[in-house]
Amino acid sequence: MLTYIIRKGAMAIPILIGIATITFLLNFVFVPGDPVRIAMGTNADPDTMETIREEMGLNDPLIMQYGRFIGNAARGDLGISYTTRRPVMDMILSRLPATAMLATSAMAIAIIMGVTAGIVSAVKPYSFWDYIFMSGAMVGVSMPVYWLGLVLIVIFAVNFNLLPVGGYGSYRHLILPAIALGSRQAAYIARMTRSSMLEIINKDYIKTARAKGLAEKIVIIKHALRNAMIPVITVIGTQLGYLLGGTVLTEVTFSWPGIGRMAIDAVFRRDFPLIQGTVLFLAAVFIIVNLLVDLSYGVLDPRIRYD
Amino acid sequence: MNVEPEVRQESIETEEVEKYSQWKDAWRRLRKNKMAMIGLGITLVVIFVAIFAPLLAPHDPYYSPVMEDGQAELSMQGPSLSYPLGTDRLGRDILSRIIYGTRISLIVGVITQLIALAIGITLGSVAGYYGGIVDDVISYFINVFLAFPFLLFAIAIMAVFQDPGIEQVFLALGLVTWPGLARIVRGEVMSLKEEEYIEAARSLGAKDFRIMTKHVIPNCLAPIIVTVTLGVAGAILAEAGLSFLGIGAQPPMPSWGLMLNAGRDYLRSDPRMMWFPGLAIMITVLGLNLFGDGLRDVLDPKMRD
């Protein structure tokens, strides 16, 4: 098990280096013009600009800048923001709790709604509820998260005045953005749970469990669901990438002070170290979570061995 | 769909008959799939609207009576006979803008997928066909690109451009979507290249390029078609997302995402501004998703999720 974790972890390192290389290339090679001039505007003092350039190592050859960037990133140093002059890592970490709260709530909603709908649909396929849930899931997959967000705002915040339009603070601020963000993942999870459960439910050991007189609830939850979860967990892992992208849209829609909104502000201010750092950070989160997803298979299914 | 004469001509070549009957059979099964047919219907209507936009739209989508003729009273009009969905802040007809918006969405979807196809098929088939170190290198790139969260990567690419616009969106989304295609093509090619007819072609002296374009790629068309159909839907959603964030299509383009962005300012006073562009996105994407799902069931049962 430990060697498996180490081997999987080691495999993630070249991927992370690849991601860091692409973000570096994107922001330092393909961006036309002088980054300091972009950051400071056209009428900045030339001497100050030169000092900053020297300070940031922008006068060094590109290969040295690259080596330093990778080395620093490995130690958690993502550089200094052009606009705030604060370390990018600090800025990300200060915004992290808001994004983490939004993303985990959305994922929790998605799992609860998706798995429930999937089970109900699979237990009674082609029933009324199956059609309702599966059409709902199809619509959920096709709907832009920010549009659902706007619809929820109009209904629950503007028309009925039940919840705040946006912002951050209490749990009441969290409800609408979490639903908006989680809906798409709920739809994917529901579809996956349904097809995975349908496949399992016809297996012999389910018939055996029923034949020996177990309550239907136990058969479904304990025998079928647990075996059906592996593909569902995989979908949850891959969907996390979309969820992280979706947080940007949701945070902008609901004025949620997270990493995603910071990244968009950084794009408008052309604050490249901040954009680069955010993308790198979130890609690393995505990779680590998928590593955890990989490891969770063994917990769910003892037949899977790690050697 | 009438390919009858061609088959009669070439009925000696068994491969042609096989191929023909595979597609005919797929179409027959697809026709029985009600959801897929609804999806196809929606998609055809959207394509029709896009092609005949100038005939269908009651007004010029770019013409602003407020800005150009000072008719301030036409700003933010409710629905009326001459403006069925009302007007926006600049007095432009919302219905006409939504009709022209189908063009932007479909063009984004198609061009993005063409870019992804060009890169994805080339790299995927080269990796799958040659294997070894070539495969290792290409697979590494595929895995790195796939490890980026989709929209964030597109945002990072859009950030590079000093003045973003729809052309940059094509490029960004194309660069983001090719790895998925490349991975599928690679897998298909790897399993196909061991087939006997490939060996037969090779023993007849066919060159690698001919083998790939004539024998390998035509035989992995099914999963490619499925991926591309769903990919068009994904690209339309992503373009609308980027434009909504203000880093995609730029005003005055009638992009649905951009219209939603403008509608955000009127959630209290005039939510009508955001209902229709969102519905347009959802219906278009729903049509493509239903059709793509149906295609997957018919063409490629292995790929079902």
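Residues numbered from 1 in each chain as written. Chains lettered and ligands numbered in written order. Predicted model: local features only at pLDDT ≥ 70, side-chain atom pairs only at ≥ 80, totals over all residues. Heavy atoms only, no water.

1. Observations regarding the interface of chain B and chain A
Definition in use: Working rule for contacts: check all heavy atoms of both residues, and any pair within 4.5 Å makes them a contact. Summed over both partners, buried area is the accessible surface (1.4 Å probe) that two parts give up on being assembled. Salt bridge, as applied in this entry: a Lys or Arg side-chain nitrogen positioned within 4 Å of an Asp or Glu carboxyl oxygen. N or O atoms closer than or at 3.5 Å make up a polar contact, with two conditions inside protein: a donor-capable atom paired with an acceptor-capable one, and, for residues adjacent in sequence, both atoms drawn from side chains. Helical segments are the DSSP runs of H or I of at least four residues, strand segments are the runs of E of at least two, and each set is numbered from the N terminus.
Taken together, the contact between chain B and chain A spans 44 residues of the former and 49 residues of the latter. Note on chain B versus chain A: buried area summed over both sides is about 4,200 Å², and carbon and sulfur give 78% of it. Across the contact surface, chain B and chain A share one salt bridge. Where chain B meets chain A, there are ten residue pairs in polar contact (both at pLDDT 80 or more). Counting residues per element, the ones that place at least two in the side of chain B that touches chain A are helix 7 (132–146), helix 8 (150–160), helix 12 (221–245) and helix 14 (272–299) of chain B.

2. Some points on the packing of helix 3 (residues 34–51) of chain B against helix 6 (residues 94–130) of chain B
Residues and elements named next belong to chain B. Basically, it comes down to this: The angle between two axes is taken between their N-to-C directions and runs from 0 to 180 degrees, where each axis is a line fitted to C-alpha atoms and a helix contributes only its stretch in contact. Each angle gets one of four labels, with under 35 degrees taken as roughly parallel, over 145 as roughly antiparallel, 65 to 115 as roughly perpendicular, and the rest as oblique. Each residue is assigned to one of three groups, with Ala, Val, Leu, Ile, Met, Phe, Trp, Tyr, Cys and Pro labelled nonpolar, Asp, Glu, Lys and Arg labelled charged, and all others, Gly among them, labelled polar.
Where helix 3 meets helix 6, the axes come as close as 8 Å, and the angle between the chain directions of the two elements is 110°. One element, helix 3, and the other, helix 6, form an angle in the roughly perpendicular class. Counted together, V46, I47, V49, A50 and I51 of helix 3 and I99, T102, R103 and L106 of helix 6 form the full contact between these two elements. Here the contact of helix 3 with helix 6 is composed, by residue class, of seven nonpolar, one polar and one charged.

3. Considerations on the nonpolar core
Rule in force here: Take the buried Ala, Val, Leu, Ile, Met, Phe, Trp, Tyr and Cys residues and link them wherever side-chain atoms come within 4.5 Å; each set so joined is a nonpolar core. Working definition: with a 1.4 Å probe on protein chains only, accessible area under 20% of the residue-type maximum means buried, over 50% means exposed, and in between means partly exposed.
Residues I19 and M197 of chain A together with I155 and L242 of chain B are the most contacted members of the largest nonpolar core, which totals 162 residues. Per-element accounting of this core gives the leading share, 17 residues, to helix 10 (residues 216–253) of chain A. With near-sequence residues (within four places) excluded, M197 of chain A lies in contact with I119, A122, I220, A224, L225 and A228 of chain A. Grouped together as the second largest cluster of nonpolar side chains are ten residues, L40, V226, V298 and L299 of chain B included.

4. Focus: helix 3 of chain B
All names here are of chain B. Test applied: To estimate how far a helix should extend, the number of its residues minus one is multiplied by 1.5 Å.
Spanning 18 residues, helix 3 covers 26 Å between terminal C-alpha atoms, matching the ideal 26 Å at 1.5 Å per step. Those residues of helix 3 that sit buried are A36, G39, L40, I42, T43, V46, V49 and A50. By the N-cap criterion, in which a side-chain oxygen at the helix start approaches the backbone nitrogen of a residue two or three places on, helix 3 is capped by N33, the distance to M35 being 3.2 Å.

5. Points about the confidence of the model for chain A
Under the convention used in this document: Each residue gets a pLDDT score, which is the predictor's confidence in that residue and runs from 0 to 100.
With 94% of its residues at a pLDDT of at least 70, chain A reaches an overall mean of 86. Summarising per-element confidence for chain A, the mean pLDDT is lowest in helix 2 (residues 35–40) of chain A (68) and highest in helix 5 (residues 88–123) of chain A (94).

6. Thoughts on helix 6 of chain B
Compared with an ideal rise of 1.5 Å per residue, which puts 37 residues at 54 Å, helix 6 of chain B spans 53 Å between its outermost C-alpha atoms and is within 8% of the ideal. Backbone geometry just downstream of helix 6 of chain B places G131 of chain B in the positive-phi region, at approximately 60°.

7. Description of the environment of V134 of chain B
Residue and element names in this part refer to chain B. Inspection of the secondary structure assignment puts V134 in helix 7. Residue V134 is classed as partly exposed on the basis of its relative accessible area, which comes to 35%. On a C-alpha basis, the gap between V134 and I236 in space is 33 Å, while along the polypeptide they are 102 residues apart.

8. Brief notes about a nonpolar patch on the surface
The cut-off we apply is this: Every patch collects residues that have over 30% relative accessible area and no salt bridge, joining them within 9 Å if they carry like charges and within 5 Å if they are nonpolar side chains (Val, Leu, Ile, Met, Phe, Trp, Tyr). Note that accessible areas follow from Shrake-Rupley with a 1.4 Å probe, and for residues the cover is restricted to the protein chains shown.
Together, I13 and I17 of chain A together with Y130, I133, V134, V137, Y140 and F141 of chain B give the surface a local cluster of nonpolar side chains, amounting to about 730 Å² of exposed area. Residue assignment for the nonpolar patch shows that the elements contributing at least two residues are helix 1 (2–28) of chain A together with helix 7 of chain B. A per-element tally of the nonpolar patch places helix 7 of chain B first, with five residues. For F141 of chain B, the location among the structural elements is in helix 7. A residue is classified by how much of its surface remains accessible, and F141 of chain B, at 41% relative accessible area, is partly exposed.

9. Structural notes on the pattern of salt bridges
Here the structure, examined in full by the defined rule, presents eleven salt bridges over all chains. Put simply, D130 of chain A and R194 of chain A hold a salt bridge, and the shortest N to O gap is 2.8 Å. With D130 of chain A in helix 6 (residues 128–142) and R194 of chain A in helix 8 (residues 171–201), this pair connects stretches of sequence that are 64 residues apart. Taken individually, D130 of chain A and R194 of chain A each receive the classification buried, so the pair is uniform in this respect. Of the charged contacts, one joins R296 of chain B and D293 of chain B as a salt bridge, the two residues approaching to 2.9 Å between their closest N and O atoms. Pair noted here: R296 of chain B and D293 of chain B are both in helix 14, with a separation of three residues, about one helical turn.

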